[in-house]
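The chain contents come next:
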Amino acid sequence: MSINAQLAPSSSTPRPSPRDTDSAPQTMLLQNSRIRALLQDSTCRGVIDQLRPVLLEYLPSGEVENAGPPRPNSQDLGSTFPAMLLQDSRLQAMLQDSTFRSVMGEFRSAVSGRTRTRMPPIRRSKKCSPPVGYVVDQRALSCITVPPKPDGATLAENPDGWSECLVTNKIKAKILSTPGFPTPLVRPPRAHRIDSSPGKGLGIFATRDLDMGDLIHVERPLLVIPSCTTHVKVKCPQGWSEEQVEWAKLFEWDKQCYRALERLEPEAQGAYLSLANVHTEDGTGTTHGILRTNGFGIDGLADTVGTSEAPYIGVCKEFSRANHSCRPNVTRYFDQKAFAYHFSAARPIKTGEEMTVAYSVLSGVRSVRQQGYQRYGFDCDCSACDPDSEASDQNRRDIAASVDGLDSNYAAWLRDKTLPKDELIKTSRWWMKVIESEGLECLPVYRRHLGAIYRAYVALGDKENAVKYGALMGKWCRAAGKQELPIAWLSDPRRLQKRPDWAIRRV
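Residues numbered from 1 in each chain as written. Predicted model: local features only at pLDDT ≥ 70, side-chain atom pairs only at ≥ 80, totals over all residues. Heavy atoms only, no water.

1. Points about the environment of Thr331
Then comes step 1: The topology assignment puts Thr331 in strand 12 (residues 330–335).
Then comes step 2: Note on Thr331: relative accessible area 16%, which makes it buried.
Then comes step 3: Residues Thr331 and Cys442, spaced 111 residues apart in sequence, show a C-alpha to C-alpha distance of 6.2 Å.
Then comes step 4: With sequence-adjacent residues up to four places away left out, Thr331 is seen in contact with His342, Phe343, Ser344, Ala346, Cys442 and Ala479. (Helix = DSSP H or I, 4+ residues; strand = E, 2+ residues; numbered from the N terminus. Buried < 20%, exposed > 50% of the residue type's maximum accessible area, 1.4 Å probe, protein only. Contact = heavy atoms within 4.5 Å.)

2. Overview of the confidence of the model for the protein chain
Then comes step 1: Per-residue confidence for the protein chain averages 79 on the pLDDT scale, and 72% of its residues sit at or above 70.
Then comes step 2: The model gives residues 60–82 a pLDDT under 50, and that stretch makes 52 contacts with residues more than four places away or in other chains. (pLDDT = per-residue confidence, 0-100.)

3. Notes on the sheet that holds strand 9 (residues 296–305)
Then comes step 1: Reading across the sheet, the 5 strands line up as 2-3-7-10-9 and stay open at both edges, with mixed pairing between neighbours. Looking at the sheet topology across the chains shown, the edges are occupied by strand 2 (142–146) and strand 9. Each neighbouring strand pair of the sheet contributes to a mean axis angle of 25°, computed without reference to strand direction.
Then comes step 2: In terms of strand pairing, strand 9 meets strand 10 (residues 308–315) through 6 bridges, oriented antiparallel. By the bridge assignment, Phe296 is partnered in strand 10 with Gly314.
Then comes step 3: Contacts from helix 10 (residues 169–176) reach strand 2, strand 3 (163–167), strand 9 and strand 10, with the element oriented near 135° to strand 9.
Then comes step 4: Most of the contacts of helix 13 (residues 286–294) go to strand 10, to which it runs at about 90°, and overall it touches strand 7 (223–226), strand 9 and strand 10. (Pairing = 2+ DSSP bridges. Axes fitted to C-alpha atoms, helices over the stretch in contact; angles between N-to-C directions.)

4. Description of the environment of Trp430
Then comes step 1: Tracing the chain through its elements places Trp430 in helix 17 (residues 423–437).
Then comes step 2: Trp430 sits 19 residues away from His449 along the chain, and the two C-alpha atoms are 9.5 Å apart.

5. Re the pattern of salt bridges
Where charged atoms from two side chains of opposite charge come close, those side chains can pair.
Then comes step 1: All chains considered together, the criterion is met by 16 salt bridges.
Then comes step 2: In this structure, the salt-bridge partner of Lys426 is Asp422, at a minimum N-O distance of 3.6 Å.
Then comes step 3: Taking the relative accessible area as the measure of exposure, Asp422 reaches 31% and is therefore partly exposed.
Then comes step 4: A salt bridge links Asp501 to Arg499; the nearest nitrogen and oxygen atoms lie 2.9 Å apart.
Then comes step 5: Take Asp501: its relative accessible area is 16%, and that puts it in the buried class.
Then comes step 6: Arg499 gets classed as partly exposed once you look at its relative accessible area, which sits at 23%. (Salt bridge = Lys/Arg side-chain N within 4 Å of Asp/Glu carboxyl O.)

6. A few points about helix 16 (residues 406–415)
Then comes step 1: Buried residues of helix 16: Leu406, Tyr410, Trp413 and Leu414, and no others. On an axial view of helix 16, the arc spanned by its buried residues comes to 100°, and they lie on one face.
Then comes step 2: On its buried face, helix 16 is in contact with helix 17 and helix 18 (444–460). (Arc of directions from axis to C-beta.)

7. Describing the pairing of strand 7
Then comes step 1: In this sheet, strand 7 lies alongside strand 3 in parallel orientation, the contact comprising 2 bridges. Bridge assignment links Cys165 to a residue of strand 7, and that residue is Val224.
Then comes step 2: As defined by bridge partners, strand 7 adjoins strand 10 across 4 bridges and the pair is classed as antiparallel. Bridge pairing links Leu223 to Val315 in strand 10.

8. Describing the sheet that holds strand 12
Then comes step 1: Strand order in the open sheet formed by 3 strands is 6-13-12, and the pairing between neighbours is antiparallel. The open sheet terminates on both sides in strands that have one partner only, identified here as strand 6 (215–219) and strand 12. In this sheet, adjacent strand axes meet at a mean angle of 20° when their direction is disregarded.

This is the structure we're talking about:
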């Protein structure tokens, strides 16, 4: 009995669309591109080989050809196969296997004619074949649409869009109980375009001049999913290597990620699947690979699994195309009330300049940073990563330590009126220039020095300069989502003069 004959649909099985039909059911199935792709996959062939002897034992050969594709659960099987088949222990064991159910679901979907936009291939790696023989202990994760989507709603009518999230009940409750959720997205005038970036594929470029703190773009992520496989435990046969166990986890985790992907609107699915994936050779599946390549972290969303933290990450339709630089000119934060990323200028950006973000920690030396970029499949070639970057490495070490003692030095300066009035101001201005030379205005250490200068001018009663640096600090805080320090409050002359520390160091 051929594999193709066993997959022929019965008269009770919905037919594929007309373009796939032919006079013979077997030929009809072979003309279905999704069926052909499934039959070429080693996982699918392995499942069919498992199922074949069970079918042949219970069904006469003439019935097998008309039996239709096997169903993924016992309720559906009961409508097609003899009741005795459902009691077979071998079939019951198969139905407990998530890989078996997944493959049967793919066959059922293909035969019934339902389409999925650009369905990722079941094969998870070019180097590895899917593992078999392990048991999955999966923690409770559910798919939700954020914000809740009204029936019949479309992207054309709701340009803010929705995010499909794979979350635990704890995170679901946290999202939905956020005060003010969901707030509409704030949409600034468009300031960017997506275009070719030499040596980097696509990138994002400024279409107008921007000042530090200017809001560039706001968008909800397409998918929000835990960043690691800690939510899936696999009990593997004795003797499996660590590599085999990790591969089994990756295989199972990608199937979970796909649950969220297939809930997206077709347009959003296509946008997600068009993003880069550098994890094609390490056992990571398509959906998870794109997530790992393009995801941004989400502050405040993380599960605790045992002793480990499992943070959540999101993938954006547009700004996930932003390239990396160790001197980024764009900073971001996640607004949980709007459930959206805000991207702002970390420093002035000129028209036509490429907008870049940081993929990892920037304070480390070049060798450490380059190791972190390997999981993204590139070597950074920005000026800070020049092979002769010893001076830059030293600057970054010193910058991190430059804020040590800021508060104690300020207190000593207030007490000792013999110290120069501008002593603290000169010191922080010098450090700000070093930070700017390294392109690290996005780091909190830059705000600390802005704050030190602002505080000194307030203590000196210098209204003009206090207003100037208060506005700069407010812009930085706005770009970082620190709304507790609004520009109007920091740079209002009337408020300044009511501060208890106003002019306390005036000589």
